[in-house]
Structure formats: structure tokens, C-alpha cells
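Now for the letters of each chain:
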Amino acid sequence: MEIIYDIYNTKIQDDCTATIGVFDGVHAGHQQIIKQMMLMVRLKRYKSMVITFDKFPIKAFLPEFQPQLLTTLDEKIQLIEQLGVDYLVVLPFTKEMGMLTAREFMEQILKEHLNVKTLYTGYDNRFGRGREEGFDDYVRYGKELGIHVVEGKQLQYADYDDPVCSTVIRQMIERGDVDDAAAMLTRNYQLSGTVTQGEHIGTSLGFPTANLQPDDAEKIIPLPGVYIVWASIDDSERMPAMMNIGNRPTFNGQQTTLEVNILDFDGDLYGKRLTVSFIIRLRNEECFMSSDALVAQLVKDKELVRKVFKEIEKSK
């Protein structure tokens, strides 16, 4: 996959079929659009192209906006590459770009620089100044510019009332339903970051934890509680783990921490890169009457975590 960041010094020679969007999460709905686009590519013998942005477009106008990301830009690039796309265009979204009408965007960017012959849009995708125009407008402009515009289909899972979309997935993660979010993402939700120094409370209790500092402050943090997760150190093979998100009320904690206890692991993790993949939320964070009561609960949690991973191994 060729990644293009500077479109103004680029002129694609290949005829392309493209789809455009933020694609936060690269979830099942996004994957469906991209795969449908690639079927059209084969019919036309064009090259496939995904066009996305380096940030949420609204941040060009409201820098303080916190979008609560499902994927960082690097994660999004990796996920799109796995789909076999020929070109990925990462547009640096500016106020000037945000002021382009849909027609100006189609002419100045899609046609003049990216040689888009077919534009495959999501069922609810809008682009152009103020997102004022819609699919019928894109079709009309496309006829004027020589770009065939096609609308993709909405993806709906039978088990859910809501369509598959980034907003619904964010809501699931915010309320701790990481297993439901995984179904729509087609993978476990992940957080990656660096292991930093903590207060060593877990070690004193016999449950040493890695204190995770996420790479990106804009990535959404699941609802506080205890989770069953996979953990991977410096991109190594993933290991069974449990994770606590919260402020440690038993010890009068004031700050939210993300602490990961990797089962049967003994080693120094400080400064290493840690990635956790959320499987399911186990329970709420609780305030225990004593540290002994907390340890008793952690023992029970660990036993349940082992059972869950045994079932996962059996199902393979």
C-alpha cells in the first residue's frame, strides 16, 4: 500500500476508485464499504484508494475538541493496509480545506490530484463545507466532473438495534461493554502506551501491576472497573491479564490509573511499550474495608480470568 500525505505535490496516474471518510475504528461498517469499493475496482480494473484525514475535521476549527478516538492514526493506517488497498491518502485537514464546497473538493482534490474516476461513499457520509450537501449533490457534481458516484449500504447486526457506526461503538466502550464493541469492531478494542512508575500498591498485595500511560490522550478509556484483557509487551506474543481502571478507592486514590496484572509474569516492565486488548468487563471497581478483603477478591478475580482464558483456548 502506498501512503500519500502531500497531495499537492502528487499527481496519481492510475485511474482510481476511492472512498472517503474519517474511518475512526475501521469497524465492520467501514470494512464493508472498503470491500465493496474493491469489488468495483476489479470490475473497472482501477486502483483502490481510501482517503482519510490526519485528524477529526472539527479540530481544525476547535483545537480544544477531544474526539475520543477508537483508533490512532497509526492504528488506522495498519488496519486499512490489512484490507489490501492500493493507495491510502492522509489529508492534512486545515481550515482552508474545510471551507471547500463538496464540488470544489471533488474537482480540486479528487479529480485534479488523485485521478478518482469512481467515488464510493458511505450511506451517511457527508463532506464539503459545513457538510451541507448530500449524495444527490455528489452525483450531480460527479456527472459534471467525470466522476461516477455510488452509495454504499448500511450495515446492521441482527443482535443490535443500532447500525454499526463509530458513535455507537464509543458509547459501548464508555459503558464498559467492550465485548459488544469487539463484535462491531471485528477485533478487541486496544489501548497502547508506556509502562510508568506507580505507587507499588499492587506489588505490596502480591499482585504486581504495570501502570499504563496511553500513547494518545484522545483515545477513549473504558468505564472504570476490572477487565479481562490480553497484554502484549513491545509487540511480543500476547499474554492473559486482568486490568483495573479507576482511582483505587480502597486506598483513597484521587487519580484515575490503568493498571495491568499479567498472569504468571515476572519481570521489569518500566519504560516498555504495553498493548492491552479488552475481552470483557468483570466487575465494578469497589471500595473494600481492608487490604485483606481486596486481596481475597483479587484471588477470586484471577481464578475467573484463568477460567475464561481456558475457554478461549478450547474454542480455538
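The structure this text deals with has already been given above.
Described in the following lines is the structure provided in the data block.

Thresholds applied
- Residues numbered from 1 in each chain as written.
- Predicted model: local features only at pLDDT ≥ 70, side-chain atom pairs only at ≥ 80, totals over all residues.
- Heavy atoms only, no water.
- 1 Å grid on protein atoms, 1.4 Å probe; cavity = no way out; pocket = protein on both sides within 12 Å on 5 of 7 lines; lining within 4 Å.
- Points joined across faces, edges and corners; volume = space filled by probe spheres on them.
- Helix = DSSP H or I, 4+ residues; strand = E, 2+ residues; numbered from the N terminus.
- Axes fitted to C-alpha atoms, helices over the stretch in contact; angles between N-to-C directions.
- Parallel < 35°, antiparallel > 145°, perpendicular 65-115°, else oblique.
- Left-handed = near helix turned anticlockwise from the far one by under 90°.
- Contact = heavy atoms within 4.5 Å.
- Nonpolar A, V, L, I, M, F, W, Y, C, P; charged D, E, K, R; others polar.
- Pairing = 2+ DSSP bridges.
- Salt bridge = Lys/Arg side-chain N within 4 Å of Asp/Glu carboxyl O.
- Buried < 20%, exposed > 50% of the residue type's maximum accessible area, 1.4 Å probe, protein only.
- Phe/Tyr/Trp six-rings, centres within 6.5 Å; stacked < 30°, edge-to-face > 60°.
- Lys NZ or Arg CZ within 6 Å of the ring centre and 35° of its normal.
- Core = buried A, V, L, I, M, F, W, Y, C linked by side-chain atoms within 4.5 Å.
- Arc of directions from axis to C-beta.

Another point: the layout of surface pockets. Size it by volume and the largest pocket reaches roughly 1000 Å³. In this structure, the largest pocket is lined by 39 residues; those nearest its centre are G21, V22, N125, R126 and R131. Of all elements in the fold, only β2 (16-20), α1 (28-44), α3 (95-98) and α6 (166-174) reach the threshold of two or more residues within the lining of the largest pocket. Put simply, the second largest pocket is a space of about 520 Å³. Taken together, 22 residues form the lining of the second largest pocket, with E75, Q78, Q190, S192 and T275 sitting closest to its centre.

Their axes nearest at 8 Å, the elements α6 and helix α7 (residues 178-185) cross at an angle of 155 degrees. Relative to α7, the element α6 is oriented roughly antiparallel. The chirality of how α6 crosses α7 is left-handed. Here α6 contributes V168, I169, M172 and I173 to the contact with α7, which in turn contributes D180, A181, M184 and L185. Class assignment of the residues belonging to the contact of α6 with α7 gives a composition of seven nonpolar, no polar and one charged.

With that out of the way, let us pick up the sheet that holds strand β8 (residues 210-214). With antiparallel pairing, the six strands of this closed barrel are ordered in space as β7-β8-β11-β10-β9-β12. On average, adjacent strands in this sheet sit at an angle of 45 degrees to one another, irrespective of strand direction. Here strand β9 (residues 225-233) runs beside strand β12 (residues 273-283); their pairing, made up of eight bridges, is antiparallel. Each residue of the ladder has a partner; that of Y227, found in β12, is R281.

In this section: the pattern of salt bridges. Inspection of every chain in the model, using the stated rule, returns twelve salt bridges. Put simply, E218 and K59 hold a salt bridge, and the shortest N to O gap is 2.9 Å. Here the residue E218 occupies a position in the loop between β8 and β9, and K59 occupies one in the loop between β3 (47-53) and α2 (73-81), the gap between them amounting to 159 residues. In this pair, the class of E218 matches that of K59, namely buried. A salt bridge links R140 to D137; its shortest N-O distance comes to 3.1 Å. Residue R140 and its partner D137 are both found in helix α5 (residues 135-145); the two are separated by three residues, about one turn of the helix. Here the residues in one salt-bridge network are R103, E107 and E144, joined through shared partners.

Let us now look at the environment of S290. Mapped onto the fold, S290 is located in the loop between β12 and α9 (291-314). Residue classification places S290 among the partly exposed positions, given a relative accessible area of 33%. Through-space distance from the C-alpha of S290 to that of D266 is 26 Å; in sequence the pair is 24 residues apart.

With respect to the secondary-structure elements, V26 resides in the loop between β2 and α1. Note on V26: relative accessible area 2%, which makes it buried. Along the chain, V26 and I51 lie 25 residues apart, while their C-alpha atoms are 13 Å from each other. Setting aside residues no more than four positions away along its own chain, V26 makes contact with Q31, K76, L79, I80, L83, L185 and R187.

Enumeration over the complete set of coordinates arrives at seven aromatic pairs. Relative to F278, the ring of Y227 has its centre 5.3 Å away and its plane inclined at 85 degrees; by these criteria the two rings are edge-to-face. Within this pair, whereas Y227 is found in strand β9, its partner F278 is found in strand β12, the two being separated by 51 residues in sequence. The class of Y227 is buried, set by a relative accessible area of 0%. An aromatic cluster is built from F105, F127 and Y138, whose rings are joined through pairwise contacts. Over the ring of W230 we find R238, and its NZ or CZ is 4.2 Å from the ring centre.

For the rest of this paragraph, the subject is the nonpolar core. The tendency in soluble globular proteins is for nonpolar side chains to be buried side by side. Ranked by internal contacts, the top residues of the largest apolar core, which has 32 residues, are Y189, M243, V260, I262, L274, V276 and F278. Mapped onto this core, the elements with two or more residues apiece are α6, α7, β7 (190-196), β8, β9, β10 (239-246), β11 (257-262) and β12. Ignoring anything within four residues of it in the chain, the contact list for I262 reads A231, I233, M239, P240, A241, L269 and L274. Counting 30 residues, the second largest nonpolar core, distinct from the first, contains F53, A60, Y87 and A102.

Once that is clear, we can look at α5. Regarding α5, the residues found buried are Y138, Y141, G142 and L145. The buried residues of α5 occupy an angular sector of 105 degrees when the element is viewed end-on, so they sit on one face. Within α5, the exposed residues directed more than 90 degrees away from the buried face are D136 and K143. The inward-facing, buried residues of α5 contact α4 (102-111) and β6 (148-151). Positive phi shows up at G146, right after α5, with a value of about 80 degrees.

What is shown is where atoms sit, not what they do.
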